[in-house]
Amino acid sequence: MAAPTSDPAAELPSDPDTDVVDVPVGPPVPGPLHLASLALVFVGGTFGTAGREALTLLIPPSGGVPWAVLAANLLGAFALGVLLEALVRRGADHGARRTLRLLLGTGFLGGFTTYSALVTDTAVLWGSGAAGLATVYSLGTLLVGALATVAGILLAAAVHRRRVDAEAAA
Amino acid sequence: MSPLLFLVVALAGGVGAAARFALDSVIHSTTARRRLGTALPWGTLAINLSGSLLLGVLVGAVGAGALGDEWQWALGSGFLGGYTTFSTASFETVRMLQQRRWTAGLVNGLLQLVVATALAGAGLWLGSLL
(Lines give C-alpha, C1' and ligand atoms only; values in the text may rest on other atoms or scores of the structure.)
Protein backbone atom coordinates (compact mmCIF):
# COMPACT_ATOMS: atom_id res chain seq x y z
CA MET A 1 0.00 0.00 0.00
CA ALA A 2 1.43 3.35 -1.04
CA ALA A 3 2.14 5.91 1.64
CA PRO A 4 -0.33 8.78 1.63
CA THR A 5 1.05 11.80 -0.19
CA SER A 6 -0.38 14.21 2.35
CA ASP A 7 -1.68 14.01 5.88
CA PRO A 8 -5.45 14.48 5.48
CA ALA A 9 -5.69 15.68 9.07
CA ALA A 10 -2.76 18.11 8.86
CA GLU A 11 -5.07 21.04 9.44
CA LEU A 12 -6.47 19.73 12.73
CA PRO A 13 -5.44 21.84 15.72
CA SER A 14 -2.96 20.26 18.12
CA ASP A 15 -4.58 21.92 21.13
CA PRO A 16 -8.26 22.41 20.26
CA ASP A 17 -9.27 23.88 23.62
CA THR A 18 -7.43 27.16 23.32
CA ASP A 19 -8.17 30.35 21.52
CA VAL A 20 -4.71 30.43 20.00
CA VAL A 21 -4.97 27.43 17.67
CA ASP A 22 -2.43 27.10 14.91
CA VAL A 23 -4.58 28.20 12.00
CA PRO A 24 -2.75 29.74 9.07
CA VAL A 25 -5.45 32.13 7.86
CA GLY A 26 -8.30 34.19 9.23
CA PRO A 27 -8.53 37.29 11.34
CA PRO A 28 -6.62 37.49 14.66
CA VAL A 29 -8.36 35.58 17.45
CA PRO A 30 -9.22 37.38 20.68
CA GLY A 31 -7.31 36.74 23.90
CA PRO A 32 -8.18 34.23 26.63
CA LEU A 33 -10.29 36.61 28.68
CA HIS A 34 -12.48 37.60 25.76
CA LEU A 35 -15.92 37.70 27.37
CA ALA A 36 -17.96 36.36 24.47
CA SER A 37 -15.67 33.30 24.20
CA LEU A 38 -15.83 32.69 27.94
CA ALA A 39 -19.62 32.95 27.82
CA LEU A 40 -19.84 30.36 24.99
CA VAL A 41 -17.65 27.92 26.92
CA PHE A 42 -19.61 28.57 30.13
CA VAL A 43 -22.99 27.87 28.47
CA GLY A 44 -21.69 24.77 26.68
CA GLY A 45 -19.97 23.52 29.85
CA THR A 46 -23.15 23.99 31.90
CA PHE A 47 -25.22 21.87 29.49
CA GLY A 48 -22.43 19.29 29.09
CA THR A 49 -22.13 18.89 32.86
CA ALA A 50 -25.93 18.65 33.15
CA GLY A 51 -25.88 15.89 30.51
CA ARG A 52 -23.21 13.92 32.38
CA GLU A 53 -25.12 14.47 35.64
CA ALA A 54 -28.35 13.19 34.08
CA LEU A 55 -26.50 10.07 32.83
CA THR A 56 -25.11 9.52 36.35
CA LEU A 57 -28.65 9.64 37.79
CA LEU A 58 -30.00 7.32 35.06
CA ILE A 59 -27.16 4.77 35.23
CA PRO A 60 -25.89 4.47 38.81
CA PRO A 61 -22.46 2.88 39.38
CA SER A 62 -22.58 -0.88 39.87
CA GLY A 63 -19.86 -3.33 40.80
CA GLY A 64 -17.57 -0.36 41.49
CA VAL A 65 -17.67 0.74 37.85
CA PRO A 66 -19.05 4.24 37.15
CA TRP A 67 -20.88 3.29 33.93
CA ALA A 68 -22.24 6.80 33.36
CA VAL A 69 -18.76 8.41 33.41
CA LEU A 70 -17.45 5.63 31.16
CA ALA A 71 -20.28 6.22 28.67
CA ALA A 72 -19.88 10.01 28.79
CA ASN A 73 -16.12 9.82 28.18
CA LEU A 74 -16.39 7.39 25.25
CA LEU A 75 -19.33 9.21 23.62
CA GLY A 76 -17.62 12.56 24.15
CA ALA A 77 -14.31 11.35 22.69
CA PHE A 78 -16.15 10.14 19.57
CA ALA A 79 -18.20 13.33 19.24
CA LEU A 80 -15.16 15.63 19.61
CA GLY A 81 -13.43 13.74 16.80
CA VAL A 82 -16.51 14.22 14.58
CA LEU A 83 -16.90 17.89 15.51
CA LEU A 84 -13.29 19.06 15.09
CA GLU A 85 -12.77 17.14 11.84
CA ALA A 86 -16.07 18.40 10.40
CA LEU A 87 -15.22 21.99 11.35
CA VAL A 88 -11.68 21.94 10.00
CA ARG A 89 -12.89 20.42 6.68
CA ARG A 90 -15.24 23.34 6.24
CA GLY A 91 -12.60 26.05 6.65
CA ALA A 92 -10.51 28.15 9.01
CA ASP A 93 -11.32 28.59 12.67
CA HIS A 94 -13.25 31.85 12.80
CA GLY A 95 -16.80 33.15 12.71
CA ALA A 96 -19.53 30.51 13.06
CA ARG A 97 -17.03 27.63 13.06
CA ARG A 98 -15.13 29.13 15.98
CA THR A 99 -18.40 29.74 17.84
CA LEU A 100 -19.41 26.09 17.34
CA ARG A 101 -15.98 24.82 18.45
CA LEU A 102 -16.08 26.83 21.69
CA LEU A 103 -19.77 26.14 22.46
CA LEU A 104 -19.93 22.42 21.53
CA GLY A 105 -16.29 21.28 21.73
CA THR A 106 -14.52 23.19 24.49
CA GLY A 107 -17.77 23.86 26.37
CA PHE A 108 -20.30 21.04 25.97
CA LEU A 109 -18.03 18.04 25.30
CA GLY A 110 -15.33 19.38 27.65
CA GLY A 111 -17.95 19.54 30.42
CA PHE A 112 -19.67 16.27 29.40
CA THR A 113 -16.40 14.31 29.66
CA THR A 114 -14.20 14.29 32.74
CA TYR A 115 -10.69 13.22 33.58
CA SER A 116 -10.73 13.81 37.35
CA ALA A 117 -13.58 11.33 37.99
CA LEU A 118 -11.91 8.71 35.76
CA VAL A 119 -8.68 8.70 37.75
CA THR A 120 -10.22 9.26 41.20
CA ASP A 121 -12.59 6.29 40.71
CA THR A 122 -9.56 4.30 39.50
CA ALA A 123 -7.58 5.26 42.63
CA VAL A 124 -10.56 4.36 44.87
CA LEU A 125 -10.92 0.95 43.15
CA TRP A 126 -7.18 0.37 43.48
CA GLY A 127 -7.28 1.34 47.18
CA SER A 128 -10.15 -1.07 47.85
CA GLY A 129 -8.06 -3.99 46.57
CA ALA A 130 -9.60 -4.17 43.08
CA ALA A 131 -6.36 -3.41 41.21
CA GLY A 132 -7.34 -5.56 38.25
CA LEU A 133 -10.70 -3.87 37.74
CA ALA A 134 -9.05 -0.45 38.26
CA THR A 135 -6.54 -1.22 35.50
CA VAL A 136 -9.15 -2.56 33.08
CA TYR A 137 -11.44 0.44 33.70
CA SER A 138 -8.78 3.14 33.28
CA LEU A 139 -6.75 1.57 30.45
CA GLY A 140 -9.97 0.49 28.75
CA THR A 141 -11.31 4.06 28.84
CA LEU A 142 -8.02 5.38 27.46
CA LEU A 143 -7.72 2.86 24.60
CA VAL A 144 -11.38 2.66 23.58
CA GLY A 145 -11.59 6.46 23.96
CA ALA A 146 -8.68 6.93 21.53
CA LEU A 147 -10.31 4.50 19.07
CA ALA A 148 -13.60 6.39 19.44
CA THR A 149 -11.82 9.68 18.62
CA VAL A 150 -10.23 8.09 15.52
CA ALA A 151 -13.62 6.68 14.47
CA GLY A 152 -15.18 10.13 14.87
CA ILE A 153 -12.46 11.77 12.75
CA LEU A 154 -12.79 9.09 10.02
CA LEU A 155 -16.59 9.37 9.98
CA ALA A 156 -16.53 13.16 9.59
CA ALA A 157 -13.84 12.89 6.87
CA ALA A 158 -15.91 10.29 4.96
CA VAL A 159 -19.07 12.40 5.21
CA HIS A 160 -17.12 15.42 3.96
CA ARG A 161 -15.73 13.47 0.98
CA ARG A 162 -19.23 12.27 0.01
CA ARG A 163 -20.50 15.84 0.22
CA VAL A 164 -17.65 17.14 -1.97
CA ASP A 165 -18.17 14.30 -4.50
CA ALA A 166 -21.91 14.98 -4.61
CA GLU A 167 -21.27 18.67 -5.24
CA ALA A 168 -18.74 17.86 -7.99
CA ALA A 169 -21.24 15.49 -9.67
CA ALA A 170 -24.07 18.02 -9.49
CA MET B 1 -31.13 14.85 44.04
CA SER B 2 -33.07 18.11 44.37
CA PRO B 3 -33.61 20.22 41.23
CA LEU B 4 -31.70 23.04 42.93
CA LEU B 5 -28.62 20.87 43.53
CA PHE B 6 -28.80 19.62 39.91
CA LEU B 7 -28.78 23.25 38.73
CA VAL B 8 -25.86 24.12 41.03
CA VAL B 9 -23.86 21.13 39.71
CA ALA B 10 -24.51 22.14 36.08
CA LEU B 11 -23.61 25.81 36.65
CA ALA B 12 -20.49 24.83 38.60
CA GLY B 13 -19.52 22.71 35.57
CA GLY B 14 -19.96 25.75 33.34
CA VAL B 15 -17.67 27.77 35.61
CA GLY B 16 -15.14 24.90 35.57
CA ALA B 17 -15.21 24.76 31.76
CA ALA B 18 -14.70 28.54 31.52
CA ALA B 19 -11.78 28.28 33.98
CA ARG B 20 -10.25 25.51 31.82
CA PHE B 21 -10.60 27.64 28.70
CA ALA B 22 -9.01 30.71 30.34
CA LEU B 23 -6.15 28.78 31.96
CA ASP B 24 -5.47 26.67 28.85
CA SER B 25 -5.33 29.79 26.67
CA VAL B 26 -2.94 31.55 29.07
CA ILE B 27 -0.66 28.50 29.33
CA HIS B 28 -0.73 27.93 25.56
CA SER B 29 0.17 31.53 24.76
CA THR B 30 3.05 31.57 27.26
CA THR B 31 4.54 28.18 26.32
CA ALA B 32 4.01 28.22 22.54
CA ARG B 33 7.10 30.30 21.77
CA ARG B 34 9.46 28.40 24.10
CA ARG B 35 11.57 25.34 23.37
CA LEU B 36 9.49 22.21 24.11
CA GLY B 37 6.55 24.59 24.31
CA THR B 38 4.61 22.59 21.72
CA ALA B 39 6.08 19.19 22.64
CA LEU B 40 3.03 18.43 24.78
CA PRO B 41 -0.34 20.15 25.36
CA TRP B 42 0.81 21.66 28.64
CA GLY B 43 -2.47 23.46 29.30
CA THR B 44 -4.67 20.34 29.21
CA LEU B 45 -2.04 18.41 31.19
CA ALA B 46 -1.86 21.07 33.94
CA ILE B 47 -5.66 21.19 34.14
CA ASN B 48 -6.23 17.43 34.25
CA LEU B 49 -3.42 16.81 36.76
CA SER B 50 -4.42 19.64 39.13
CA GLY B 51 -8.12 18.71 38.85
CA SER B 52 -7.36 15.06 39.63
CA LEU B 53 -5.40 15.97 42.77
CA LEU B 54 -8.19 18.31 43.91
CA LEU B 55 -10.95 15.73 43.31
CA GLY B 56 -8.94 13.20 45.32
CA VAL B 57 -8.68 15.66 48.23
CA LEU B 58 -12.41 16.42 48.00
CA VAL B 59 -13.55 12.77 47.86
CA GLY B 60 -11.15 11.94 50.70
CA ALA B 61 -12.51 14.79 52.82
CA VAL B 62 -16.14 13.80 52.13
CA GLY B 63 -15.30 10.17 52.95
CA ALA B 64 -13.78 11.28 56.25
CA GLY B 65 -16.91 13.25 57.09
CA ALA B 66 -15.16 16.63 56.98
CA LEU B 67 -17.49 17.82 54.19
CA GLY B 68 -21.07 16.91 53.26
CA ASP B 69 -22.08 14.94 50.15
CA GLU B 70 -23.44 18.05 48.45
CA TRP B 71 -19.87 19.42 48.23
CA GLN B 72 -18.77 16.36 46.29
CA TRP B 73 -21.67 16.89 43.87
CA ALA B 74 -21.17 20.64 43.39
CA LEU B 75 -17.37 20.88 43.41
CA GLY B 76 -16.51 17.32 42.31
CA SER B 77 -19.08 16.30 39.65
CA GLY B 78 -19.76 19.95 38.83
CA PHE B 79 -16.74 22.26 38.95
CA LEU B 80 -13.91 19.71 38.63
CA GLY B 81 -15.92 17.61 36.16
CA GLY B 82 -16.29 20.63 33.90
CA TYR B 83 -12.72 21.81 34.56
CA THR B 84 -11.02 18.54 33.58
CA THR B 85 -11.69 16.91 30.22
CA PHE B 86 -11.25 13.48 28.70
CA SER B 87 -12.36 14.28 25.15
CA THR B 88 -9.68 16.94 24.54
CA ALA B 89 -6.94 14.77 26.07
CA SER B 90 -7.99 11.87 23.84
CA PHE B 91 -8.08 14.10 20.76
CA GLU B 92 -4.63 15.55 21.50
CA THR B 93 -3.16 12.06 21.94
CA VAL B 94 -4.70 10.87 18.66
CA ARG B 95 -3.31 13.96 16.85
CA MET B 96 0.20 13.15 18.12
CA LEU B 97 -0.08 9.53 16.98
CA GLN B 98 -1.38 10.69 13.55
CA GLN B 99 1.73 12.88 13.29
CA ARG B 100 3.85 9.81 14.21
CA ARG B 101 4.99 11.52 17.42
CA TRP B 102 4.91 8.17 19.21
CA THR B 103 6.74 9.17 22.41
CA ALA B 104 4.70 12.33 22.91
CA GLY B 105 1.48 10.39 22.23
CA LEU B 106 2.42 7.68 24.71
CA VAL B 107 3.37 10.26 27.35
CA ASN B 108 0.16 12.22 26.80
CA GLY B 109 -2.01 9.09 26.83
CA LEU B 110 -0.49 6.62 29.26
CA LEU B 111 1.76 8.74 31.49
CA GLN B 112 -0.94 11.39 31.99
CA LEU B 113 -3.30 8.61 33.14
CA VAL B 114 -0.75 7.07 35.52
CA VAL B 115 0.39 10.40 37.04
CA ALA B 116 -3.18 11.71 37.38
CA THR B 117 -4.23 8.46 39.12
CA ALA B 118 -1.26 8.75 41.51
CA LEU B 119 -2.17 12.39 42.24
CA ALA B 120 -5.80 11.40 42.87
CA GLY B 121 -4.58 8.68 45.24
CA ALA B 122 -2.34 11.16 47.07
CA GLY B 123 -5.30 13.54 47.23
CA LEU B 124 -7.56 10.84 48.70
CA TRP B 125 -5.00 10.26 51.44
CA LEU B 126 -4.52 14.01 52.11
CA GLY B 127 -8.29 14.58 52.18
CA SER B 128 -8.85 11.75 54.63
CA LEU B 129 -6.57 13.56 57.09
CA LEU B 130 -8.92 16.57 57.19
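Residues numbered from 1 in each chain as written. Chains lettered and ligands numbered in written order. Predicted model: local features only at pLDDT ≥ 70, side-chain atom pairs only at ≥ 80, totals over all residues. Heavy atoms only, no water.

## Notes on the overall build of chain B
Formally: By definition, any uninterrupted DSSP run of H or I lasting at least four residues is a helix, any uninterrupted run of E lasting at least two residues is a strand, and each is numbered from the N terminus. Between buried and exposed lies partly exposed: a residue is buried under 20% and exposed over 50% of the maximum accessible area for its type, with that area taken using a 1.4 Å probe on protein chains only. We call two residues in contact whenever any of their non-hydrogen atoms come within 4.5 Å of each other.
On a plain count of helices and strands, chain B comes out with five helices and zero strands. Sequence-ordered secondary structure for chain B, helices as α and strands as β, is α-α-α-α-α. In terms of principal-axis extent, the alpha carbons of chain B reach across some 45 × 30 × 25 Å. Counting across all 130 residues of chain B, residues that qualify as buried make up 51%. The long-range share in chain B, meaning contacts at least 24 apart out of those at least 6 apart in sequence, stands at 74%.

## Some words on helix 2 (residues 67-90) of chain A
As a reminder of what qualifies: The length a helix should cover is 1.5 Å for every residue beyond the first.
Compared with the 34 Å implied by 1.5 Å per residue over 24 residues, the 35 Å span of helix 2 of chain A between its first and last C-alpha is a close match. Where helix 2 of chain A ends, the next residue or the one after it, Gly91 of chain A, has phi of about 145°, a positive value.

## Description of the interface of chain A and chain B
So the rule is basically this: By definition, the buried area sums, over both parts, the 1.4 Å-probe accessible area that each loses when the two are put together. Only one rule defines a salt bridge in this text: a Lys or Arg side-chain nitrogen within 4 Å of an Asp or Glu carboxyl oxygen. Counting of polar contacts relies on pairs of N or O atoms within 3.5 Å, with two restrictions inside protein: one atom must be capable of donating a hydrogen and the other of accepting it, and residues adjacent in sequence are counted only when both atoms are side-chain atoms. Side-chain classes follow a simple rule in which Ala, Val, Leu, Ile, Met, Phe, Trp, Tyr, Cys and Pro form the nonpolar group, Asp, Glu, Lys and Arg form the charged group, and the remainder, Gly included, forms the polar group.
On the side of chain B, 52 residues touch chain A, which itself brings 60 residues to the contact. Taking both partners together, chain A and chain B bury about 4400 Å²; carbon and sulfur atoms supply 71% of that area. By the criterion of area lost to chain B, the three top residues of chain A are Asp17, Glu53 and Tyr115 of chain A, representing 15% of everything that side buries. In this structure, the connection of chain A to chain B is made through zero salt bridges. Remark: the boundary between chain A and chain B carries 14 residue pairs in polar contact (both at pLDDT 80 or more). Taken together, the elements giving at least two residues each to the side of chain A that touches chain B come down to helix 1 (35-58), helix 2, helix 3 (96-112), helix 4 (116-127) and helix 5 (131-169) of chain A. No other element matches the 13 residues that helix 1 of chain A contributes to the side of chain A that touches chain B. The class makeup of the residues in the side of chain A that touches chain B is 30 nonpolar, 23 polar and seven charged.

## Concerning the UniProt feature "transmembrane region" (unreviewed entry) in chain A
Filter applied, for reference: UniProt positions are given in the numbering used here, feature names are shortened, and annotations may be inferred rather than shown by experiment.
The residues that UniProt annotates with the feature "transmembrane region" (unreviewed entry) are residues 67-88, 100-118 and 130-157 of chain A. As a span, residues 67-88 of chain A carries 100% helix and 0% strand, and end to end its C-alpha atoms are 32 Å apart.

## Description of the packing of helix 2 of chain A against helix 4 (residues 87-98) of chain B
Put simply, the rule is: A fitted line through C-alpha atoms represents every axis, and for helices the fit uses only the stretch in contact; the resulting angles, taken between N-to-C directions, go from 0 to 180 degrees. For classification purposes, an angle smaller than 35 degrees is called roughly parallel, one larger than 145 roughly antiparallel, one from 65 to 115 roughly perpendicular, and anything else oblique. By the definition used in this description, the sense in which the near helix is turned from the far one sets the handedness, with an anticlockwise turn below a right angle giving left-handed and a clockwise turn giving right-handed.
Where helix 2 of chain A contacts helix 4 of chain B, the two axes come as close as 8 Å, and the packing angle between them is 60°. Classed by the angle they form, the pair helix 2 of chain A and helix 4 of chain B counts as oblique. Remark: the crossing between helix 2 of chain A and helix 4 of chain B carries right-handed chirality. Taking contact as the criterion, the partners of Gly76, Ala77, Leu80, Gly81 and Leu84 of chain A in helix 2 of chain A are, on helix 4 of chain B, Ser87, Thr88, Ser90 and Phe91 of chain B.

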